Each structure stands twice: as C-alpha cells, then as structure tokens.
Amino acid sequence: MKKNEVNVTPWEVSGEIDYDKLIKKFGVSKIDDKLLNRIKKHTKDLHLMLRRNIFFAHRDLNWLLDEYEKGNKFFLYTGRSPSGPIHLGHLGTWIFTKWLQDKFDVELYFQFPDDEKFLFKKNLSYEEVQKYTYENMLDVIALGFDPKKTHFLINTKHANILYPEAIKVAKKITYSVVKAAFGFNDSKNIGEIFYTSMQAAPVMVPGTLKNNKKIPCLIPLAVDQDPHFRVARDVYPKLGYPKPAIIHSVFMPPLTGISGKMSSSNESKAILTTDSPKEVEMKIKKYAFSGGKDTLEEHRKKGGNPDIDISFQYLKFLFEPDDKKLQKIYDDYKSGKLLSSELKQILIEKINSFLKEHQKKRELAKKQIDNFLFK
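Residues numbered from 1 in each chain as written. Predicted model: local features only at pLDDT ≥ 70, side-chain atom pairs only at ≥ 80, totals over all residues. Heavy atoms only, no water.

For this particular structure, what's the right way to read the sheet that holds strand E6 (residues 108–112)?
Where strands meet in a sheet, backbone hydrogen bonds hold them as pairs that are either parallel or antiparallel. Pairing within the open sheet is mixed, and its seven strands lie in the order E3-E4-E9-E8-E5-E6-E7. The sheet is open, and its two borders are formed by strand E3 (29–30) and strand E7 (150–154), each paired with just one other strand. Pairing between strand E5 (residues 75–79) and E6: four bridges, direction parallel. When the bridges of E6 are listed, Leu76 appears paired with Leu108. (Pairing = 2+ DSSP bridges. Helix = DSSP H or I, 4+ residues; strand = E, 2+ residues; numbered from the N terminus.)

As structure tokens, this is what we get:
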C-alpha cells in the first residue's frame, strides 16, 4: 500500500478517512435528522454518540424501527475478536450498545470469535487468544450489561450452536465473492476464507433457537466490520431470515493523530482499560496530538484547532457528555483562551475518573463470567 493511502478493511484501517466517501463506497445510508427524531421517539433522548455523529451511517434502520413499532422486537448483536487488551476505542461501540439494550429492553448476543485472530495473525497462538478472550470478557461485563439479557458466544466453545448456521451461510458464498469483498489472494489459509460465515452466524441463532426466523437483528459496529455483512446480508433471505440492520460508527483515532484508528498492538497509540493513572497521564502528555500553536504567544493570539486535537476528540467521543461544556471547551480552545496543556489535563482527569470505576467493576466481573456465557 502506498504511503498515506486510505485503507479500511476488517483487519486494517489506515490513512485519513473521508466518511462521506466511505458511505458511497460501502453503499450505506447516512443517519439524518429525520431518523434521529424517529429513534428519539422511542428512547426519549439521544446518546451522545448519535448527537455528535459518532454513529453516522446505517443499513435498514428504518425497516428495523418499522418492525419494532409493529411489536416485532429486535435483538442486538455485536462482538470482539480477542487478540490483545481492550483500549478506549473498543469501549465506545459497547457503551452505545448498552444504551440500546437499556432503552429498547432487548437481548444482546455478544460474539467472541476466538478463531478469527488465531487464523489471521500468524504470530498469535491459540493459548494467547484464550487468555485475551477471558480478559476481554471482563471489560465487557464491567460496562454494566444486563446478565439476564446478555449472552456471550465464544466461537470455539459454542461451535455446536454456531457451526450449523455458519455452514448454511458458507454454502451460499463462493470463493470469488470472498476474494472480491476482501481482496484475498491465493496465499490465504482456508480458515480465513471461511471466517465470514462464523461472523454471520449469530444473526441466525436467536431465530433458530426460538423457532422463529423472523426476529429482526441490529448490529452496532465500527464501519471497518461492514464488509463481512455486505457479503452475508444477501444470503440471509435465501435461508429464510431477514437482513440484519446495521448502525456504523466512525473510529476513535490513535493518540498520535486523527488518521487511522486506535490499536492495542501499539500501546503508545492507545489508552488501555488497565492503564494506571500515571500511565494515562504519561501517554496523553507525551503522545496526544495537539491542535495548539507552536508557542504560547501564538496560541493565545491565533487559538488552537480542536478539530484535529486528539484530547478534544476523545472528549467528544466519550468523556464529556454535556454538550454545553464541550462547546465551551471548543470555543475556548479555538480562541486561545484554553491551552493545549490545560485541554490535556481535562482529558486526563476525565479518563482516570472513568477508569477508576471501570477497573473496580472489571475486578468484580471475574466472578460474573458464568452468568454471561450462553447456555
């Protein structure tokens, strides 16, 4: 790939992403005010990630709401492919998913495809993947999902449920379709070629278990995961299931700049949920890309650029829920009244306050895992 070239796949995100172009490329629909108002009719308020266009696009969300208004309740499906520790970028989708679960009072099937990263990452052992699966489950539980309505599906542990559905999908997808969708060449192992079928399977599981194939499904995900469902969505109707609705989020950028997305494979570019207060402070002060000017005098005179400043972007994503406070920070930074160091300090305090509580809940989650595993 050429330097600065944009690349968005389920396994790699790089470059400065134009989300309007991505909407056209992926064939998804932009979330507009009319749709937001329709959601608000049911939820009474809008999550900050909807208000601020963090979740920006969708597939068939109007159809899903049509079904919901007819009394045909949907279920949620999202997941985490365990290949490392959890960082803040992962949490946004799950926090939003919990909000959906609470507002619509629906079940969630949460997939841990422990087979995926084992198949796709050459240097990752099966034993390492199992360790990360356990650690990642703790972070999900710590967010407060309802254990009575949240079901963890681990691909290798729940193969008896997932595999029968996956092979039905696989039979309908040709190798040429997979190659075209993902850019695969002949060097890919056969597990990689089959994997999309496993990611497609949870859409079918509730309908199969309840002998009702017409249960609608909503999948909140980061937009890089959409290609799996572009392939699978054409298959579901052939098997008697409705196409799942999907709601897409933008990426939380790495600490070092607005291009690409946060990744735990480079810990200097990511804040982990297990980081200590000192680690958070060090990472933000050392690595967080600033939109400020080079000198104090110039910054006071000309102001900073919050649109490229990572500390501001993280506040916008998750850590300042009050829109008025966020706007004041934006205006003060842009005018030069607020310095980069002061903006970073606001973020440090917000993240450390969040992580202090999250880490307590994460510890308690060690005794709760069995309550979440699908039985």
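Once you've had a look at it, read on.
What is the right way to read helix H16 (residues 323–335) from this model?
Two residues of an α-helix separated by three or four positions point the same way, owing to the 3.6 residues in each turn. For H16, which comprises 13 residues, the first-to-last C-alpha distance of 18 Å matches the rise-based estimate of 18 Å (1.5 Å per residue) to within 8%. For H16, the set of buried residues is Leu326, Ile329, Tyr330, Asp332 and Tyr333. Tucked inside the fold, the buried residues of H16 contact helix H14 (296–302), helix H15 (310–319) and helix H17 (340–364). Regarding H16, its N-cap is Asp322, as a side-chain oxygen of that residue lies 2.9 Å from the backbone nitrogen of Lys324 further along. Among the residues trailing H16, Gly336 stands out with phi positive, at a value near 95°. (Expected span 1.5 Å × (residues − 1). Buried < 20%, exposed > 50% of the residue type's maximum accessible area, 1.4 Å probe, protein only. Contact = heavy atoms within 4.5 Å. Polar contact = N/O pair within 3.5 Å; in protein donor to acceptor, adjacent residues only side chain to side chain.)

I would appreciate a short explanation of the packing of aromatic side chains in the present structure.
Geometry of an aromatic ring pair is reported as the spacing of the ring centres plus the angle between the planes. Evaluated as defined, the whole model comprises 22 aromatic pairs. An angle of 45° between the planes, with centres 6.1 Å apart, marks the rings of Tyr163 and Phe194 as tilted. Residue Tyr163 is located in helix H8 (residues 159–170), and its partner Phe194 is located in helix H10 (residues 190–200); the two are separated by 31 residues in the primary sequence. Exposure remark for Phe194: the relative accessible area of 26% places this residue in the partly exposed category. (Phe/Tyr/Trp six-rings, centres within 6.5 Å; stacked < 30°, edge-to-face > 60°.)

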